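Structural characterization, general
These are the residues of each chain, in order.
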Amino acid sequence: MDSVVCDEIVKDEAKAKMIEFMEDNNIKYNLLECCGCEKFCISLCNEDSTCKKYCCNSAIIVQTCNKDVRKVYPHEILYIAIENRKSVLYLTHGRIETNHRLEHWKEMLDIKTFAQPHHSFIVNLNYVDEITKEFVKIKFDKQKYSVYTSSRKIGAFKKAFLKFCEQ
């Protein structure tokens, strides 16, 4: 048997066992495909619907503007914006201000999952809800955001989004 097929069978069996365990124990969860490797991520939810995500080692170490150090997983990033000469990471659970330039984030993030609709924004394609001529609308749970588009970048952004949707 081909090793790739065998790896997929093992992955599917592990995923099925994890789902069975969670459901047998009445644990609220979400399973997501990991954006950093071929594994899947487990998101455990509390009674108040807040979720704690556990994933592979694809975390990015981020130093905030006030010199704190945080670990951020790519799937937690909704989008990144340049505001007042700082890059602001809008996350599924808050936001972080850093002194990094947007170029830094373009190098750090997977181009299959993140795209740039405007020179001041990078968007996680997992959370795109709608694309218009002026905005990319981003949605996560009850949170909604609008990110500007530029006429120079919108074509490439739409292509990246369509390619992402085909995966």
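Use the structure listed above.
As a starting point, this report considers the structure included with it. Predicted model only: the values in this text are computed from it and were never measured. (Residues numbered from 1 in each chain as written. Predicted model: local features only at pLDDT ≥ 70, side-chain atom pairs only at ≥ 80, totals over all residues. Heavy atoms only, no water.)

Summed over the entire model, instances satisfying the criterion amount to six aromatic pairs. Where Tyr79 meets Tyr145, the ring centres are 5.4 Å apart and the plane angle is 65 degrees; that geometry is what we call edge-to-face. In this pair, Tyr79 sits in strand E6 (residues 77–83) while Tyr145 sits in strand E13 (residues 143–148), placing the two residues 66 residues apart along the sequence. Here Tyr79 falls in the buried class, since its relative accessible area comes to 6%. Considering the side-chain rings of Tyr127 and Phe140, the 5.6 Å spacing of their centres and the 85 degrees angle between planes classify their relative orientation as edge-to-face. (Phe/Tyr/Trp six-rings, centres within 6.5 Å; stacked < 30°, edge-to-face > 60°. Helix = DSSP H or I, 4+ residues; strand = E, 2+ residues; numbered from the N terminus. Buried < 20%, exposed > 50% of the residue type's maximum accessible area, 1.4 Å probe, protein only.)

What follows covers unusual backbone geometry. With a phi angle near 70 degrees, Lys67 is a residue other than glycine that sits in the positive phi range. When you line up the elements, Lys67 lands in the loop between strand E4 (60–63) and strand E5 (69–72). One non-glycine residue with positive phi stands out, namely Asp141, at about 50 degrees. Along the polypeptide, Asp141 turns up in the loop between strand E12 (135–140) and E13.

Looking now at helix H3 (residues 154–166). Helix length check: H3, at 13 residues, gives a terminal C-alpha distance of 18 Å against a target of 18 Å (1.5 Å per residue), a fit within 8%. Within the sequence span of H3, burial applies to Ile154, Phe157, Phe161 and Phe164. Down the axis of H3, the smallest arc covering the buried residues is 85 degrees, so these residues share one side. What points out from H3, more than 90 degrees from its buried face, is the exposed set Ala156, Lys159, Leu162, Lys163 and Glu166. (Expected span 1.5 Å × (residues − 1). Arc of directions from axis to C-beta.)

Here the focus is the sheet that holds strand E11 (residues 128–131). Pairing in this open sheet of three strands is antiparallel, and the strands run E11-E12-E13 from one edge to the other. Looking along the sheet, the strands with just one partner apiece sit at the ends: E11 and E13. The average undirected angle you get between the axes of adjacent strands in this sheet is 20 degrees. Here six bridges tie E12 to E13, and the two strands are oriented antiparallel to one another. Looking at E13, one finds that Ile138 is bridged to Tyr145. Lying on the sheet, H3 is in contact with E11 and E12; it crosses E11 at an angle near 135 degrees. (Pairing = 2+ DSSP bridges. Axes fitted to C-alpha atoms, helices over the stretch in contact; angles between N-to-C directions. Contact = heavy atoms within 4.5 Å.)

An order of E8-E7-E6-E10-E9 is seen for the five strands of this open sheet, with the pairing classed as antiparallel. For this open sheet the edge positions go to strand E8 (94–98) and strand E9 (114–118), each flanked by a neighbour on one side alone. Taken pair by pair, the neighbouring strands of this sheet meet at an average axis angle of 20 degrees, ignoring direction. Where E6 and strand E7 (residues 86–91) come together, six bridges link them in antiparallel fashion. From the neighbouring strand, Ala81 faces E7, where its bridge partner is Val88. Here H3 sits on the sheet and contacts E9 and strand E10 (121–124); the angle it forms with E9, its principal contact strand, is near 155 degrees.

We now examine the pairing of E5. Both E4 and E5 contribute to a ladder of four bridges, which runs antiparallel. Following the sheet pairing, Gln63 is matched in E5 by Val69. Between E4 and E5, which pair antiparallel and follow one another directly, the connecting turn spans five residues, one of which, Lys67, has a positive phi of 70 degrees.

Here the focus is the nonpolar core. One finds Tyr79, Val123, Ile138 and Phe157 to be the most contacted residues of the largest nonpolar core, which totals 19 residues. Looking at this core, the elements with two or more residues in it are E6, E7, E10, E12 and H3. With four residues, the single largest contributor to this core is H3. Setting aside its immediate chain neighbours within four residues, Val123 contacts Leu78, Tyr79, Thr113, Phe114, Ala115, Pro117, Val128, Val136, Ile138, Val147 and Phe157. (Core = buried A, V, L, I, M, F, W, Y, C linked by side-chain atoms within 4.5 Å.)

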